[in-house]
Amino acid sequence: EFRQKGKQIDMGLKCLFGSFVIVLLMYFFIYEFRHAFLEKLQLPISYNYPYLLSIGLLMAIAVPLSEEWFWRTFATKSFPESENNKKLIAAYYSFYHWVMFMFMMDWKAATLLVGTFYSMAITMDYVRNKHGLITAWLLHIGINFSLTLVFLDVVVGRMELMADSKLTIPKYVKVGGQ
């Protein structure tokens, strides 16, 4: 898994930077819809900065490392090597994220993400096989880190709107660690 570490790290840093820029550019173009996006999410969020920072670090670093190890190493080695098994693992990966997102947003939005996660699983498997696990880790970290920044921007923007009394606080939200 860790053959040619220098090449993996070099390619991984390029992928990390590229994915980071792509996600942030996408967010730049849909910036006006950020509050509508948060309205779709139904997260029991505690709006205090240490909580948001710890969730951000967890999502940006711990989740990609554990997912890449499980889905690209453990699951891949648990099945015989074949294209159908790669597609099956990608489908499981998509379903895993669909179930997780069903608790965070409405089912229509979660269902739309299934194709995204399926193609991401296929892409990450290709990257791991072609460039190694370290590259796949760094690419996944780049994607999650930029998405975490987008999410935190949306949440902090919502906090500012609530402070200006332009938004009501949903019942499931805790403010300031209450």
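Quantities reported herein were computed from a predicted structural model and do not represent experimental measurements.

*Asks:* Just to check I follow, could you spell out the confidence of the model for the protein for this structure?
*Replies:* Any segment with low pLDDT has predicted coordinates that should not be analysed in fine detail. Per-chain confidence: the protein averages 76 in pLDDT, with 74% of residues scoring 70 or above. Per-element mean pLDDT across the protein ranges from 52 in strand β2 (residues 174-175) up to 88 in helix α4 (residues 83-102).

*Asks:* Just checking my understanding: could you explain the environment of Leu 138 for this structure?
*Replies:* Turning to its location among the elements, Leu 138 is positioned in helix α6 (residues 133-163). You can call Leu 138 buried: its relative accessible area is 16%. Between the C-alpha atoms of Leu 138 and Cys 15, which are 123 residues apart in sequence, the distance is 7.0 Å. Not counting chain neighbours up to four residues away, the residues in contact with Leu 138 comprise Ile 9, Gly 12, Leu 13 and Leu 16.

*Asks:* Looking at this structure, how should I read the environment of Lys 14?
*Replies:* Inspection of the secondary structure puts Lys 14 in helix α1 (residues 5-29). Classification of Lys 14 as exposed rests on a relative accessible area of 52%. Placed 128 residues apart in sequence, Lys 14 and Gly 142 show a C-alpha to C-alpha distance of 9.6 Å.

*Asks:* In this structure, what is going on with the side chain of Glu 67? I would like to understand it.
*Replies:* Here Glu 67 shows up in helix α3 (residues 49-78). At 5.5 Å, Arg 72 is the nearest oppositely charged side chain to Glu 67, a buried residue that forms no salt bridge. The residues touching Glu 67, leaving out its near neighbours within four places in the chain, are Arg 72, Tyr 93, Tyr 96, His 97 and His 140.

Procedures and definitions
Residues numbered from 1 in each chain as written. Predicted model: local features only at pLDDT ≥ 70, side-chain atom pairs only at ≥ 80, totals over all residues. Heavy atoms only, no water. pLDDT = per-residue confidence, 0-100. Helix = DSSP H or I, 4+ residues; strand = E, 2+ residues; numbered from the N terminus. Buried < 20%, exposed > 50% of the residue type's maximum accessible area, 1.4 Å probe, protein only. Contact = heavy atoms within 4.5 Å. Lys, Arg positive; Asp, Glu negative; His and termini not counted. Salt bridge = Lys/Arg side-chain N within 4 Å of Asp/Glu carboxyl O.

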